[in-house]
Amino acid sequence: MTARKPPLGPSTLSVHGGEPPVRAGRSITEPLVLASTYPFADTAELHAFMQGELDRPEEYGRYGNPTVAAVEARLAALEAGGADPAVAAVLMSSGMAAITSTLLAMLRAGQHVIFTADVYRKTRVFARTYLSKFGVEFDFVEPNLGAIEAAVREQTKIIFTEAPTNPYLRVVDLEGVVELARRARIKTIIDATFATPINMRPLALGVDAVIHSTTKYLGGHNDLLGGVVIGKAGLIAAIREQLGTLGGICDPHNAYLLGRGLKTLALRVERHNHSALAIARMLEAHPKVAQVWYPMLESHQDHASARQYLGGGGGVVSFELSGGLAAGSRLVDAVTIPKIAPSLGGVESLIEQPALMSFYDQGPEGRAALGIREGLIRMSVGIEDLDDLRADLLNALDAC
Ligand SMILES: *Cc1c(COP(=O)(O)O)cnc(C)c1O
């Protein structure tokens, strides 16, 4: 009789997912293996390996590394909600490497991709600069089901979405997208960086591949760059095969740091969810604040999808002051705990004005066309004490 293993929770999986029964030297943590190559005992062993007769995972560093593989196994288990041989993960050198390598591996000339219009800015730049160069067509559409459906063509191979998005935290109707894609035999990819596997479970909804910039919540400490693609084992194997050519592999040091950060993911995300919601509510009630965007606020445009697909709203809160860009700058300069910096999802709170940072190069007209308001402020709420963050923001609001 084989007893069914009880399902494990996300905190347990963040710490133990994909663990082998025994590690090298019986150590409790995965060893950090830095080797670039793995010697063969003799030519007979090499021959057997080349014939595919050896169960020996490593050969050369660009094709695999045991430290990286251990973290990949943990990420796959976490995203799948438990050990599942049908789900695999492949780590890469950055979120952008994960996005570009996945698209390059899956697409060929003549095919078509639908992107929701508010995907990560460099994902859009990649489509315009590279996909067009390689004869892949694409459309950017509003993140709603009707607009996505209207863009489907005979040649459509991929629907690429993101949730929640930057900076307005839109949440598309994921089940609707999956349903539509299945009917039309289209693959679905979601960049779920803002959600994390703690707040959203895209694979359980039938999405084919989930991408995270591990630079953000999964690493969680603002000390590494990385990306991961998680999905059906066959698809991930095909992407991994191409990664050997494209070369954007994850360095073992980086994987080790990620594996360490990942162990506290569930704890951190709980705190981010709780503090960000409290801060969003406080800002919404403040007379100097014109509007607040947070998926778990009843006032958010996609609150219904957010309630359906998200366990929590995450750490990012966007808001606009009545006084526009200048008032926003006064606030950003007056806070003492959040630092002015790009990125999000780390233990340190960060704050920025999209008009002065991520959308600066677009100019006022470009920003207006993209719906990026001049007075917008984006805060990534860290894990500092909520009372301290609230007091800091209230003081800064008084000052501006
Ligand atoms: C940061 C980010 C990326 C890019 O990840 P890098 O690790 O910086 O390359 C992609 N998508 C989203 C949603 C992000 O926030």
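This is a predicted model, so every value here is computed, not measured.

### With respect to the overall build of the protein chain
- Secondary structure assignment for the protein chain yields 15 helices and 12 strands.
- The principal-axis extents of the C-alpha atoms in the protein chain amount to approximately 75 × 50 × 45 Å.
- Buried positions account for 52% of the 400 residues belonging to the protein chain.
- Of the contacts formed within the protein chain by residues at least 6 apart in sequence, a portion of 71% connects residues at least 24 apart.
- Carbon and sulfur atoms provide 54% of the accessible area of the protein chain, an area that totals close to 18,000 Å².
- Of the side chains in the protein chain, 37 bear a positive and 43 a negative charge, and the two mean positions are spaced by 1 Å.

### Some thoughts on the domain arrangement of the protein chain
- We note that the domain assignment places domain 1 (10-31 + 64-262) and domain 2 (265-399) within the protein chain.
- Just the C-alpha atoms count here: the centres of domain 1 and domain 2 sit 25 Å apart.
- At the junction of the two partners, domain 1 supplies 35 residues and domain 2 supplies 42 residues.
- Between domain 1 and domain 2, a total of about 3,100 Å² is buried, with carbon and sulfur atoms accounting for 55% of that surface.
- When the area that domain 1 buries against domain 2 is broken down by residue, the three leading residues are Tyr168, Asn199 and Tyr217, summing to 26%.
- For the pair domain 1 and domain 2, the interface holds 2 salt bridges.

### A few points about the pattern of salt bridges
- For the structure on display, the rule yields 17 salt bridges.
- Among the ionic pairs, arginine 74 bridges to glutamate 30, the shortest N-O distance being 3.0 Å. Remark: glutamate 30 occurs in the loop between α1 (10-16) and α2 (43-50) and arginine 74 occurs in helix α3 (residues 66-80); sequence separation between them is 44 residues.
- Judged by its relative accessible area of 1%, arginine 74 falls in the buried class.
- Note that arginine 183 is salt-bridged to glutamate 179, the shortest N-O span being 3.4 Å. Taken together, the residues span about one helical turn, with arginine 183 and glutamate 179 both in helix α7 (residues 174-183) at a distance of 4 residues.
- Among the residues examined, arginine 183 registers a relative accessible area of 57% and is labelled exposed.
- Each of Glu19, Arg23, Glu30 and Arg74 takes part in salt bridges that share partners, so that together they form one network.

### Observations regarding the site of the ligand
- Not every one of the 13 residues close to the ligand is listed here, only the nearest: Gly95, Asp191, Ser213, Thr215 and Lys216.
- The side chain of serine 213 places a nitrogen or oxygen atom 2.8 Å from an oxygen atom of the ligand.
- Measuring from an oxygen atom of the ligand, one finds a side-chain N or O atom of lysine 216 at 2.7 Å.
- In isolation the ligand exposes 380 Å². Once the protein is present, 92% of that is buried.
- The element contributing the most residues to the shell around the ligand is helix α4 (residues 95-106), with 3 residues.
- Tallied by class, residues from the shell around the ligand come to 4 nonpolar, 6 polar and 3 charged.

### Details of the side chain of aspartate 208
- Its location among the elements puts aspartate 208 in the loop between α8 (196-199) and β6 (209-213).
- At a separation of 2.9 Å, a polar atom in the side chain of aspartate 208 contacts the main-chain amide nitrogen of threonine 188.
- Among the polar contacts made by the side chain of aspartate 208, one reaches the side chain of lysine 232 at a distance of 2.8 Å.
- If we ignore the near neighbours within four places in the chain, the residues touching aspartate 208 are Ile186, Lys187, Thr188, Leu203, Ile230, Gly231, Lys232 and Leu235.

Cut-offs used in this document
Residues numbered from 1 in each chain as written. Predicted model: local features only at pLDDT ≥ 70, side-chain atom pairs only at ≥ 80, totals over all residues. Heavy atoms only, no water. Helix = DSSP H or I, 4+ residues; strand = E, 2+ residues; numbered from the N terminus. Buried < 20%, exposed > 50% of the residue type's maximum accessible area, 1.4 Å probe, protein only. Contact = heavy atoms within 4.5 Å. Areas by Shrake-Rupley, 256 points an atom, 1.4 Å probe, with all protein chains shown as cover. Lys, Arg positive; Asp, Glu negative; His and termini not counted. Charge placed at Lys NZ, Arg CZ, Asp CG, Glu CD. Domains from an automatic or database assignment. Buried area = accessible area lost by both parts, 1.4 Å probe. Salt bridge = Lys/Arg side-chain N within 4 Å of Asp/Glu carboxyl O. Near = heavy atom within 4 Å. Polar contact = N/O pair within 3.5 Å; in protein donor to acceptor, adjacent residues only side chain to side chain. Nonpolar A, V, L, I, M, F, W, Y, C, P; charged D, E, K, R; others polar.

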